[in-house]
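Here is how the chains run, residue by residue.
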Amino acid sequence: MTLNHVRRGSGSPLLLVHGLGAGWRSWSPIIDELAESREVIAVDLPGFGESPPLTGEVSVATLTDSVAEFIREQGLDGVSTVGQSMGGRMVLELARRGVGGDTVALDPGGFWSDRELAVFAATLRPSIALVRTLRGTLPALLGNPVGTTLLLAQLSARPWALSRETVLPDVRGLAESPSTGAALDALTKGPKQQGAPAGTVPGRVTIGWGRRDLVTVPRQAARATQLFPDAVLHWFERCGHFPQWDAPHEATRLILDRTR
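Predicted, not measured: the structure shown is a model, and the values here were computed from it.

A. Local environment of the overall build of the protein chain. In terms of regular secondary structure, the protein chain is built from 11 helices and seven strands. The C-alpha radius of gyration computed for the protein chain amounts to 17 Å, which stays within 12% of the reference 18 Å derived for 260 residues, consistent with globular compactness. Based on the C-alpha atoms only, the size of the protein chain along its principal axes is roughly 45 × 40 × 40 Å. Burial status across the protein chain gives 55% buried among its 260 residues. For the protein chain, the share of sequence-separated contacts (at least 6 apart) that also reach a separation of at least 24 residues comes to 75%. In the structure as shown, the protein chain presents an accessible area of about 10,300 Å², 53% of it carried by carbon and sulfur atoms. Side chains of the protein chain carry 26 positive and 26 negative charges; the gap between the two charge centres is 5 Å.

Take a look at the structure:
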């Protein structure tokens, strides 16, 4: 499978891997600023955006396989990778496999305790069902601070401050992407993320975490850095699960500073 993707800018290549939601458009708040300094390649994972779903099993491993194959077919060996949420877990998995170069993982999944995972599944599934029910009214609901706060309090530290243009692609993607359910099952029912012993990853590893993340809660950062001992941990203050929403300029600066 060739993943749908966009390319912006010029310079050292930078591969962006989204989480559940809009596909590559999840990076819309920061992609243009990144492209001022780098060649940015942002993919649609299988079953998201304009990429067709996988024909076989949907798991974190098989989704990561599709990105690893994209890297090979595009001649991007050694490319720096950036991911958020599920995509953050996937770029850490690529690093664990020795694929790519520098890695930046923003609020990655895969480091829940069993209890945290149960809470995640029990809260996010109804939220996705709700946005599917409200699909036709999402533009209006997300066009005012009250509606945005009601829908996105789990995902953002300051949902009332977010514009409809920032959040609508991801919220609509949760409702409409054919692989949302299967990918959520992979996250909640599949194995947790494995780590990489010190000195085994191909480049620098940076893990960014929102202090107010209610999806991958901040205490999971300690587990992530224990499993990836080479990683540098960066905290986003007053930030929820989407740094590109709540702290776009800080996220951009971190990505540019920590990749080559």
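B. Here's a closer look at empty space enclosed by the protein. Per the counting criterion, the structure on display carries one cavity of 30 Å³ or more. The computed volume of the largest cavity comes to approximately 160 Å³. For the largest cavity, the lining is made up of 16 residues, of which Leu20, Ser85, Leu124, Val215 and His241 are closest to its centre. Counted by class, the lining of the largest cavity contains 10 nonpolar, six polar and no charged residues.

C. The side chain of Gln84, seen in detail. When you line up the elements, Gln84 lands in strand β4 (residues 80-84). Residue classification places Gln84 among the buried residues on the basis of a relative accessible area of 1%. Residues in contact with Gln84, not counting those within four places in the same chain, are Val17, His18, Gly19, Ser26, Trp27, Leu106, His241, Phe242, Pro243 and Gln244.

D. Geometry of the packing of aromatic side chains. Counting across every chain of the model gives three aromatic pairs. Where Trp112 meets Phe120, the ring centres are 4.6 Å apart and the plane angle is 25 degrees; that geometry is what we call stacked. Take Trp112: its relative accessible area is 5%, and that puts it in the buried class. Using a relative accessible area of 5% as the deciding quantity, one classes Phe120 as buried. Ring centres of Phe242 and Trp245 lie 4.0 Å apart, and the angle between their planes is 10 degrees; this geometry places the pair in the stacked category.

Reading the values: rules and limits
- Residues numbered from 1 in each chain as written.
- Predicted model: local features only at pLDDT ≥ 70, side-chain atom pairs only at ≥ 80, totals over all residues.
- Heavy atoms only, no water.
- Helix = DSSP H or I, 4+ residues; strand = E, 2+ residues; numbered from the N terminus.
- Rg over C-alpha atoms; globule rule 2.2 N^0.38 Å.
- Buried < 20%, exposed > 50% of the residue type's maximum accessible area, 1.4 Å probe, protein only.
- Contact = heavy atoms within 4.5 Å.
- Areas by Shrake-Rupley, 256 points an atom, 1.4 Å probe, with all protein chains shown as cover.
- Lys, Arg positive; Asp, Glu negative; His and termini not counted.
- Charge placed at Lys NZ, Arg CZ, Asp CG, Glu CD.
- 1 Å grid on protein atoms, 1.4 Å probe; cavity = no way out; pocket = protein on both sides within 12 Å on 5 of 7 lines; lining within 4 Å.
- Points joined across faces, edges and corners; volume = space filled by probe spheres on them.
- Nonpolar A, V, L, I, M, F, W, Y, C, P; charged D, E, K, R; others polar.
- Phe/Tyr/Trp six-rings, centres within 6.5 Å; stacked < 30°, edge-to-face > 60°.

Function-wise, these values are silent; they only describe arrangement.
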